[in-house]
Amino acid sequence: MSSNHYRARSSQAEMQPGSNAQVLRNTPGITDPTQMDEAELSLLLQLYEWLMGDQFPERRLDVADLMEWHRLWLGNLYDWAGQVRSVNLAKGDFHFAVAAQIPRLLAEFERDCLHCYTPCENMDDDALAEAIAICHVELVLIHPVREGNGRLSRLLADVMAVQAGRGPLDYSRWDADKTAYFSAIQCGMGRDYAPMRGLVSVALAAQDA
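Residues numbered from 1 in each chain as written. Predicted model: local features only at pLDDT ≥ 70, side-chain atom pairs only at ≥ 80, totals over all residues. Heavy atoms only, no water.

Just checking my understanding: could you explain the nonpolar core for this structure?
Among soluble globular proteins, nonpolar side chains are generally buried collectively. Judged by nonpolar contacts, the single largest core of 66 residues is most densely connected at W69, F109, L156, L169, M196 and V200. Elements supplying a minimum of two residues to this core: helix 1 (33-51), helix 2 (63-74), helix 3 (102-117), helix 4 (125-142), helix 5 (149-163), helix 7 (178-187) and helix 8 (194-207). Considering every element that reaches this core, the biggest residue donor is helix 4, with 12 residues. Beyond its immediate sequence surroundings of up to four residues, M196 is in contact with A133, H136, V137, W174, Y181, A184 and I185. (Core = buried A, V, L, I, M, F, W, Y, C linked by side-chain atoms within 4.5 Å. Buried < 20%, exposed > 50% of the residue type's maximum accessible area, 1.4 Å probe, protein only. Helix = DSSP H or I, 4+ residues; strand = E, 2+ residues; numbered from the N terminus. Contact = heavy atoms within 4.5 Å.)

What follows is the structure, given as structure tokens:
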């Protein structure tokens, strides 16, 4: 979402002049949110094509990989692409991790999630769903970048699925019931990953439908 979908709680967040505060300040000077959405989507598809090809990481993943993916994706649009966010973000009354805590949280995420679960080799569907659910929830809760956190988290889930010999997930059910998805994310705050594990299992099963 190119518009200020998540409320920024800091004056550091700059919007593109002439966009009626609907588009983040960007290098090309895009002011139309629809045009920005299209640009972000096109670049994301290019990243998927590149990453799922000869560059596919058949190895343990690090936080540096995620930040590099973000830079490759949005680097032509935002000068802060690939960098940890410096503003606090909220969606409605729900606040994501405080910006000052992100480096520590990412170090813990790398140690406890990425290094524990990747590469996702020799995993059955139940183990894969568990691994993806935990990594997805924790990364979304950290919300490490200014823009594109959900899509970056999905990209990680897709890479993990492909590492396990499956294809990218089918997110249609997630998109059809966003309330259930966001509820599953919130449950993860209490280390209850069962709701998200169920959503991941549905997304895996949809590949075979």
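Just to check I follow, could you spell out the packing of helix 7 against helix 8 for this structure?
For any two helices packed against each other, one specifies the inter-axial angle together with the distance between the axes. Helix 8 packs onto helix 7 with a crossing angle of 135° between their chain directions and a minimal axis gap of 7 Å. Between helix 7 and helix 8, the angle falls in the class oblique. Taken together, the residues of helix 8 that come into contact with helix 7 (itself represented by A180, Y181, A184, I185 and C187) are P195, M196 and L199. Split by residue class, the contact of helix 7 with helix 8 holds eight nonpolar, no polar and no charged. (Axes fitted to C-alpha atoms, helices over the stretch in contact; angles between N-to-C directions. Parallel < 35°, antiparallel > 145°, perpendicular 65-115°, else oblique. Nonpolar A, V, L, I, M, F, W, Y, C, P; charged D, E, K, R; others polar.)

Could you clarify how one ought to interpret the confidence of the model for the chain in this entry?
Low-pLDDT stretches of the model should not have their predicted coordinates read in fine detail. In this model, the chain carries an average pLDDT of 93, and 94% of its residues clear a pLDDT of 70 or more. Predicted confidence is poor over residues 1-12, with pLDDT under 50, and the contacts of this stretch with residues over four places away or in other chains come to 39 contacts. (pLDDT = per-residue confidence, 0-100.)

In this structure, what is going on with the UniProt feature "domain: Fido" (unreviewed entry) in the chain? I would like to understand it.
As annotated by UniProt and renumbered to match this structure, "domain: Fido" (unreviewed entry) occupies residues 61-205. Helix and strand shares over residues 61-205 are 61% and 3% respectively, and the end C-alpha atoms of the span are 25 Å apart. (UniProt positions renumbered as here; feature names shortened; annotations may be inferred.)

What am I meant to see in the packing of helix 2 against helix 5 here?
Closest axis-to-axis distance for the helix 2/helix 5 pair is 11 Å, and the angle between their directions is 120°. Judged by the angle between their axes, helix 2 and helix 5 are oblique. For the pair helix 2 and helix 5, the crossing hand works out as right-handed. Touching L66, W69, H70 and W73 of helix 2 are R151, L152, L155, L156 and V159, all from helix 5. Grouping the amino acids of the contact of helix 2 with helix 5 by side-chain chemistry returns seven nonpolar, one polar and one charged. (Left-handed = near helix turned anticlockwise from the far one by under 90°.)

Could you clarify how one ought to interpret unusual backbone geometry in this entry?
Negative phi characterises most residues that are not glycine, and trans characterises most peptide bonds. A cis geometry characterises the amide bond from T118 onward to P119, with omega recorded as -5°. Along the polypeptide, P119 turns up in the loop between helix 3 and helix 4. Notably, N20 is not glycine yet its phi reads approximately 55°, a positive angle. Among the secondary structure elements, N20 is positioned in the loop between strand 1 (7-8) and helix 1. Located in the positive-phi region is R191, a residue other than glycine, with phi close to 60°. Relative to the helices and strands, R191 is located in the loop between helix 7 and helix 8. Residue R191 is classed as exposed on the basis of its relative accessible area of 56%.

Sorry, what's going on with the packing of aromatic side chains here?
To describe a pair of aromatic rings, you give the distance between the ring centres and the angle between the ring planes. What the rule picks out here adds up to five aromatic pairs. Aromatic pair Y171 and W174: ring centres 4.9 Å apart, planes at 75°, arrangement edge-to-face. An aromatic cluster is defined as three or more aromatic residues linked by ring pairs; in this entry it consists of F94, F96 and F182. Just above the ring of F182 sits the side chain of K91; from NZ or CZ to the centre is 5.0 Å. Lying across the ring of Y171, R154 places its NZ or CZ 4.4 Å from the centre. (Phe/Tyr/Trp six-rings, centres within 6.5 Å; stacked < 30°, edge-to-face > 60°. Lys NZ or Arg CZ within 6 Å of the ring centre and 35° of its normal.)

Sorry, what's going on with the environment of R71 here?
Considering the arrangement of structural elements, one finds R71 in helix 2. In this structure R71 comes out as partly exposed when scored by relative accessible area, which is 41%. When near neighbours in sequence (up to four residues on either side) are disregarded, R71 contacts A81 and G82.

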